[in-house]
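# Working through the structure, step by step
One-letter residues, chain by chain:
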Amino acid sequence: MVSPGLGWGRGTHVVRPRRAGQDAVLRWEMALWARQASLWCCLLNTARAAGFPRRLRSCGSPARTCREFAPLALLPAGKDGVLWRLQACRHASVGSCFAPDSAKDGSFSPLESNLPSPVKQEQAKVETLPDLNAKILNEDWDDIPPSSALEEISEEEAVQIIAEPILPLQSTTLRDYVDHSETLAKLVHLGVDLSQVEKRQKAGQLLLTLDFEKDIRKILLFLKDVGVEDNQLGPFLTKNPYILGEDLEALETRVAYLKSKKFGKSEIAQMVSRAPYLLLFSVERLDNRLGFFKNELGLSVKKTKDLVVRLPRLLTGKLEPVKENLQVCQIDLGFQRNEIQQIVYKTPKILTASKKRLRQTFDYLHNIMGIPHHMLTRFPQVFNSKLLRIRERHMFLAFLGRAQYDPAQPSYISLDQLVSLPDEVFCTEVAKASIQDFENFLKTL
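Values in this document were obtained by computation on a predicted structure and should not be read as measured data.

### A short note on the overall build of the chain
Secondary structure assignment for the chain yields 25 helices and zero strands. Within the chain, contacts between residues separated by at least 24 positions form 69% of all contacts whose residues are at least 6 apart in sequence. Surface summary for the chain: the accessible area is close to 27,500 Å², and the carbon and sulfur share equals 53%.

### Some words on helix H20 (residues 355-368)
What sets the pattern is the α-helix's 3.6 residues per turn: residues three or four places apart point alike. With 14 residues, H20 should reach 20 Å at 1.5 Å per residue; the first-to-last C-alpha distance of 19 Å fits that figure. Three or more residues of H20 are buried, namely Leu358, Thr361, Phe362, Tyr364 and Leu365. Down the axis of H20, the buried side of the element spans an arc of 160°, and every buried residue falls inside it. Turned more than 90 degrees away from the buried face of H20 sit Lys356, Asn367 and Ile368, all of them exposed. Buried residues along H20 sit in contact with helix H18 (320-332), helix H21 (373-378) and helix H22 (387-400). Just downstream of H20, Gly370 is the residue with a positive phi angle, here 80°.

### Thoughts on a negative patch on the surface
Where like charges cluster on the molecular surface, the negative patch consists of Asp225, Asp247, Glu249 and Glu252. Assignment of secondary structure puts Glu249 in helix H14 (residues 248-260). Glu249 gets classed as exposed once you look at its relative accessible area, which sits at 57%.

### A look at the packing of aromatic side chains
A complete count under the given rule lists seven aromatic pairs for this structure. An angle of 65° between the planes, with centres 5.7 Å apart, marks the rings of Phe335 and Phe362 as edge-to-face. Taken as a pair, Phe335 in the loop between H18 and helix H19 (337-346) and Phe362 in helix H20 lie far apart in primary sequence, 27 residues in all. On the basis of an interplanar angle of 35° and a centroid distance of 5.2 Å, the ring pair of Phe399 and Phe441 is categorised as tilted. Here Phe441 lies in helix H25 (residues 435-444) and Phe399 lies in helix H22, a separation of 42 residues in the sequence. A residue is classified by how much of its surface remains accessible, and Phe441, at 11% relative accessible area, is buried. Joined through ring pairs, the aromatic side chains of Phe396, Phe399, Phe426, Phe438 and Phe441 make up one cluster.

### Considering the packing of helix H16 (residues 283-297) against helix H17 (residues 301-310)
Where H16 contacts H17, the axes come no closer than 10 Å and their chain directions differ by 120°. Of the possible angle classes, the one that applies to H16 and H17 is oblique. In this structure, H16 crosses over H17, and the sense of that crossing is right-handed. Here H16 contributes Leu290, Phe293, Lys294 and Leu297 to the contact with H17, which in turn contributes Val301, Thr304, Leu307 and Val308. Within the contact of H16 with H17, the residues separate by chemical class into six nonpolar, one polar and one charged.

### Quick word on the nonpolar core
If you look at the biggest cluster of nonpolar residues, it comprises 44 residues, and the most contacted ones within it are Leu351, Leu376 and Leu418. In this structure Leu418 touches Met369, Ile390, Arg393, His394, Leu397, Tyr405 and Phe426, once residues within four positions along its chain are discounted.

### Describing the environment of Thr347
Relative to the elements of secondary structure, Thr347 occurs in the loop between H19 and H20. The class for Thr347 is buried, based on a relative accessible area of 4%. The sequence separation of Thr347 and Phe379 amounts to 32 residues, and the corresponding C-alpha distance is 9.2 Å. With sequence-adjacent residues up to four places away left out, Thr347 is seen in contact with Pro380, Gln381 and Asn384.

### Describing the packing of H17 against H19
How two helices sit against one another is set out by the angle between their axes and by the gap between those axes. As a packed pair, H17 and H19 sit with axes 9 Å apart at the nearest point and diverge in direction by 45°. One way to sum up the angle between H17 and H19 is to call them oblique. Listed contacts from H19 to Lys303, Asp306, Leu307 and Arg310 of H17 are Val344, Tyr345 and Lys346.

### Describing the pattern of salt bridges
Inspection of the entire model under this criterion finds ten salt bridges. Two residues, Lys355 and Glu324, come together in a salt bridge whose shortest N-O distance is 2.9 Å. Here Lys355, found in helix H20, pairs with Glu324, found in helix H18; they are 31 residues apart in sequence, far enough to count as distant. For Lys355, a relative accessible area of 30% gives the class partly exposed. Arg393 is paired through a salt bridge with Asp423; the nearest N and O atoms lie 2.7 Å apart. Placement of the pair is Arg393 in helix H22 and Asp423 in helix H24 (residues 423-430), with a sequence separation of 30 residues. Here the residues in one salt-bridge network are Glu182, Lys186, Glu213 and Arg217, joined through shared partners.

### Topic: the confidence of the model for the chain
Chain-level pLDDT for the chain is 76 on average; 62% of the residues reach the 70-or-more range. Element-level pLDDT for the chain is lowest in helix H4 (residues 86-97), with a mean of 41, against a maximum mean of 96 in H14. Per-residue pLDDT stays below 50 along residues 52-130; that stretch engages in 94 contacts with residues further than four places along the chain or on separate chains.

### Thoughts on the environment of Gly191
If you trace the backbone, Gly191 turns up in the loop between helix H9 (182-190) and helix H10 (194-197). Those residues within four positions of Gly191 in sequence are excluded, and the remaining contacts are Gly234, Pro235 and Thr238.

Rules and cut-offs
- Residues numbered from 1 in each chain as written.
- Predicted model: local features only at pLDDT ≥ 70, side-chain atom pairs only at ≥ 80, totals over all residues.
- Heavy atoms only, no water.
- Helix = DSSP H or I, 4+ residues; strand = E, 2+ residues; numbered from the N terminus.
- Contact = heavy atoms within 4.5 Å.
- Areas by Shrake-Rupley, 256 points an atom, 1.4 Å probe, with all protein chains shown as cover.
- Expected span 1.5 Å × (residues − 1).
- Buried < 20%, exposed > 50% of the residue type's maximum accessible area, 1.4 Å probe, protein only.
- Arc of directions from axis to C-beta.
- Patch = residues over 30% accessible without salt bridge, like charges linked within 9 Å, V, L, I, M, F, W, Y side chains within 5 Å.
- Salt bridge = Lys/Arg side-chain N within 4 Å of Asp/Glu carboxyl O.
- Lys, Arg positive; Asp, Glu negative; His and termini not counted.
- Charge placed at Lys NZ, Arg CZ, Asp CG, Glu CD.
- Phe/Tyr/Trp six-rings, centres within 6.5 Å; stacked < 30°, edge-to-face > 60°.
- Axes fitted to C-alpha atoms, helices over the stretch in contact; angles between N-to-C directions.
- Parallel < 35°, antiparallel > 145°, perpendicular 65-115°, else oblique.
- Left-handed = near helix turned anticlockwise from the far one by under 90°.
- Nonpolar A, V, L, I, M, F, W, Y, C, P; charged D, E, K, R; others polar.
- Core = buried A, V, L, I, M, F, W, Y, C linked by side-chain atoms within 4.5 Å.
- pLDDT = per-residue confidence, 0-100.

Quick look at the structure:
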């Protein structure tokens, strides 16, 4: 019997009588196993020739090497089953793989000579197999120099090592991604200020997801076709990078709507350039904005169109400040509806001006300088001037005795002359004084 679980002759071997016919079976099984063992050992010889001496040395002996790589054999035969003694097979396999020195001169070891003749024939066949390109394996392995993380290198080699900058997983600035993104690099070359773009909500993430050739080039060609100049593309995209993520067909539809409302090509180009967010508005929203100014101000279609061409941000800004300024002009400043129409049409910026500034300017013009409402309606641009400038020039004219704003009186000075002329011209033509006199007067204030 053979102890279970043991192999390579480590169990206890007990000889028992063999039944008839078992000798022939045993010889056939031994021949089959010898062939397998020879194949295994030849493969080991190939690995050894290919550069694995350390593996063989670690095993201690050739026999131990074959023992580690060869499998256990359990060969059933008959009803009861026959477990072959692996120790004898081990000697047979060792003899076929690592022959002693005497085999080199043509002699054979006793173990090998005792094998059945079929085993010898199979062994001879195996030994004539090719060497599995051992020479090629040797050449490939010899060409690979040993490498180690602790290997020392020269200073010249260390200087030649170029470390690529690590791309951050997240960052608060687009500057970290410019060297890694062709899209960002081309936008910078175009004149886009990425330091301003990254301040806009989710604009940086948008640019990092776009491909310049696939997504951006067609938008640039569209803007040029609309009328945006080449030198204005960078500043335009700096103010409105979101247009790069818009659908081209939707943008073309919005431009077609403006053309249907009788806006000329030059007017559309002016509006888009001065109000970069204009084309982000849908057709319905643009139509509602135009209808609001037409109905709220009581303007004709032509005047409404002229109004938004001169101040296109009326179509893109919030409507609440506009409504509040209209109430200030009517309730706080006391202008009539028709007067408000004239003021707004001549000076659209009054609709977006600070309410506090409107009240202060009107108070000084009307209550201190004595300018009536109808005069302010004729020269509404005075509301766009700084209150300090109006006050300094009025006080200088009052000091000279020339503060006359009634057109029915001599030496009349219009509000346009008061606020629009440069200091030198104002002094010589309106105040009839030198610029030095004006400067000396300002020092006394």
